[in-house]
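Understanding the architecture of this molecule
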Amino acid sequence: MSTATPATGSDVLPRNAIFDELGFPTDPDNLYTQTVGQMLNAAEQMDLQHRVKVILAQPKNEVMVHFPVRMDDGHFKLFKGYRIQHNNVLGPYKGGFRYHENVHLDDVKSLALLMTFKCALARIPFGGGKGGVKVNPRSLSEGELQRVTRRYCAAISHMIGPDHDIPAPDVGTNAQIMAWFADTYMLSSEHADNNALRVVTGKPVEFGGSLGREKATGQGVADVLAEMLPGIGIPLQGMTVALLGFGNVNSWAGRILQDMGAKVIAVMDHTGAFRNDNGIDCHALAAYSEENYGIAGYEKQPTATGSGTNAAAGVEVIGEDEFYQTKCDVFIPGALEQMIQPKQANMMDCKVMAEAANAPCTPAGDRVLQDKGVEVIPAILANAGGVTVSYFEWLQNKSCVTWDADQVDRELNRHMVFAARRSMVAREKYGCDLRTAAFAAALEHLGAVYKVRGIFP
Ligand code: NAD
């Protein structure tokens, strides 16, 4: 489907005085300014020291690297990579790295900031970081992908580490890429010990990965919905769901919610969109999508489950507008940033939007949804499951133990439920929307830690 268009000028929140103090750009489309604006909006409701707001409004370190990679045809191509370390007051910087042709510095800064708040909200002893390489991974052969990964790791290896900054998968990266990344880091003489395995999470299970990590973000989305929906008056059994994006996060969210009794009635990814009011089989669609790099063509696969049953029967190809207009209980954006702008928000017909993706909504899109009475479960709450199980992986590596899948699921559920409850308590306390409340609940923790630690010297 079409790529996200830039937000319009009216998408901007009222300009905070801290933007001028720190010399922020005046560009209203800037995602970083918008994300900091949401954080400051929460900070204004609370008794938070000015210095904490200023510190959290900027990342500690912003690194850009350029590295050459030999391509299969023998020529060398120069790639651009980023690693942003937003904040480490709670613990080592933590956050994924993505491979996407549109990766920009300010996007990575925004995602790094969100990681700081996600970890604070889930009370995980990590800070926030994020990285990326400007590349379309599907344009590379497997060998090229491996060489890009190893050179990116080498380019940033001096600034990461198992107790300093711990990357993980994100859009366009996966467990295999984490394995190449860890192997490169561990082979460099300075880091040549098994402790170095903890430098990255989201690894394959046979190489230090945790059971349950691959599905963790989708599982966390489902856990938060199960905790919050009864209070909103939506029963999980039979609730209708639309999924924007069907990659790692949303294909798992779809499969898990379907197994919990929900009905996924519409799905859209970058290749196409479907609808089936009787429910789309997300297990069959996930198997198809993984093999075909997208959902397009699934409707022509009558035996997609391999069981002989016609899993794709009743699936109807729809257009982008029709997808957004699908009436459903829960809409789950799990694709890229800033896709839901006022145009899309106006078309949407849902009771709840759970942000599986980071920053899927512009502030103006968000306001449209609020005016329509849609309950928005913000990304720092809804998608915190990924970093939570990454933390479990890091803990298992550190203590040389292996948790079984039930233990991972149980501990994840505990973290997600408490993060949801903290957000609901903050909503009562500050009388605000859930996004502001989730930021406020995280800021309470960050502010308390800054207060006891003080500022050096
Ligand atoms: P992914 O690369 O596996 O999937 C991305 C999905 O978005 C794909 O289905 C793709 O087709 C779809 N998409 C891309 N452009 C689109 C377009 N123009 N229209 C419709 N669909 C489009 O990525 P992922 O790991 O599932 O991550 C999705 C989101 O979740 C991102 O915002 C990411 O930062 C966030 N997130 C991921 C994790 C994780 O553990 N992977 C954790 C927290 C948050």
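Here the structure is a predicted model, which is why all the values come from computation and not from measurement. (Residues numbered from 1 in each chain as written. Predicted model: local features only at pLDDT ≥ 70, side-chain atom pairs only at ≥ 80, totals over all residues. Heavy atoms only, no water.)

A few words on the sheet that holds strand 7 (residues 240-244). With mixed pairing, 7 strands are arranged side by side in an open sheet as 10-9-8-7-11-12-13. Edge positions in the sheet fall to strand 10 (316-317) and strand 13 (375-377), since each has one partner strand and no second. As defined by bridge partners, strand 7 adjoins strand 8 (residues 263-269) across 5 bridges and the pair is classed as parallel. Residue Leu 243 lies in a different strand from strand 8, and its bridge partner there is Val 267. (Pairing = 2+ DSSP bridges. Helix = DSSP H or I, 4+ residues; strand = E, 2+ residues; numbered from the N terminus.)

Our next topic: the sheet that holds strand 2 (residues 76-87). A sheet is described by the order of its strands in space; here 4 strands give the open sequence 1-2-5-4, paired in mixed fashion. Edge strands, defined here as strands with exactly one partner in the open sheet, are strand 1 (61-70) and strand 4 (97-100). For this sheet the average axis-to-axis angle between neighbouring strands, irrespective of direction, equals 20°. Pairing between strand 1 and strand 2: 10 bridges, direction antiparallel. (Axes fitted to C-alpha atoms, helices over the stretch in contact; angles between N-to-C directions.)

What follows covers helix 14 (residues 385-399). The terminal C-alpha atoms of helix 14 lie 21 Å apart, and with 15 residues this matches the ideal 21 Å at 1.5 Å per residue to within 8%. Most of helix 14 is tucked away: 12 of the 15 residues are buried. Within the sequence span of helix 14, burial applies to Gly 385, Gly 386, Val 387, Thr 388, Val 389, Ser 390, Tyr 391, Phe 392, Glu 393, Trp 394, Gln 396 and Asn 397. For helix 14, the elements touching its buried residues are strand 3 (93-94), helix 4 (105-121), strand 6 (165-166), helix 7 (216-232) and helix 15 (405-430). (Expected span 1.5 Å × (residues − 1). Buried < 20%, exposed > 50% of the residue type's maximum accessible area, 1.4 Å probe, protein only. Contact = heavy atoms within 4.5 Å.)

The relative placement of two packed helices comes down to the angle between their axes together with the axis-to-axis distance. Taken N-terminus to C-terminus, the directions of helix 14 and helix 15 make an angle of 130°; their axes are 10 Å apart at the nearest point. Taken together, the axis directions place helix 14 and helix 15 in an arrangement best described as oblique. When you trace helix 14 past helix 15, the crossing you get is right-handed. Taking contact as the criterion, the partners of Gly 385, Thr 388, Val 389 and Phe 392 in helix 14 are, on helix 15, Val 408, Glu 411, Leu 412, His 415 and Met 416. Residue composition of the contact of helix 14 with helix 15, by class: 5 nonpolar, 3 polar and 1 charged. (Parallel < 35°, antiparallel > 145°, perpendicular 65-115°, else oblique. Left-handed = near helix turned anticlockwise from the far one by under 90°. Nonpolar A, V, L, I, M, F, W, Y, C, P; charged D, E, K, R; others polar.)

So, about helix 16 (residues 434-453). In this model helix 16 runs 29 Å from its N-terminal to its C-terminal C-alpha over 20 residues, within 8% of the 28 Å that 1.5 Å per residue would give. Of all 20 residues in helix 16, 14 are buried; the element is thus mostly enclosed. You can read the cap of helix 16 off the contacts: a side-chain oxygen lies 3.0 Å from the backbone nitrogen of Arg 435, and it is on Asp 433. Taken from the residues just after helix 16, Gly 454 is the one with a positive phi, measuring 70°. (Polar contact = N/O pair within 3.5 Å; in protein donor to acceptor, adjacent residues only side chain to side chain.)

With that settled, consider the domain arrangement of the chain. Domain boundaries in the chain define domain 1 (59-197) and domain 2 (216-382). Relative to domain 2, the C-alpha centre of domain 1 lies at a distance of 28 Å. Contact residues are listed per partner, giving 10 residues for domain 1 and 9 residues for domain 2. Roughly 860 Å² is buried in total at the junction of domain 1 and domain 2, and carbon and sulfur atoms are behind 62% of that figure. Across the domain 1-domain 2 interface, the total number found is 1 salt bridge. Between domain 1 and domain 2 we count 3 residue pairs in polar contact (both at pLDDT 80 or more) in total. Counting only elements with at least two residues in the side of domain 1 that touches domain 2, the list comes to strand 4 and helix 4. By residue number, the principal contributor to the side of domain 1 that touches domain 2 is helix 4, which donates 5 residues. Across the side of domain 1 that touches domain 2, the residue classes break down as 5 nonpolar, 1 polar and 4 charged. (Domains from an automatic or database assignment. Buried area = accessible area lost by both parts, 1.4 Å probe. Salt bridge = Lys/Arg side-chain N within 4 Å of Asp/Glu carboxyl O.)

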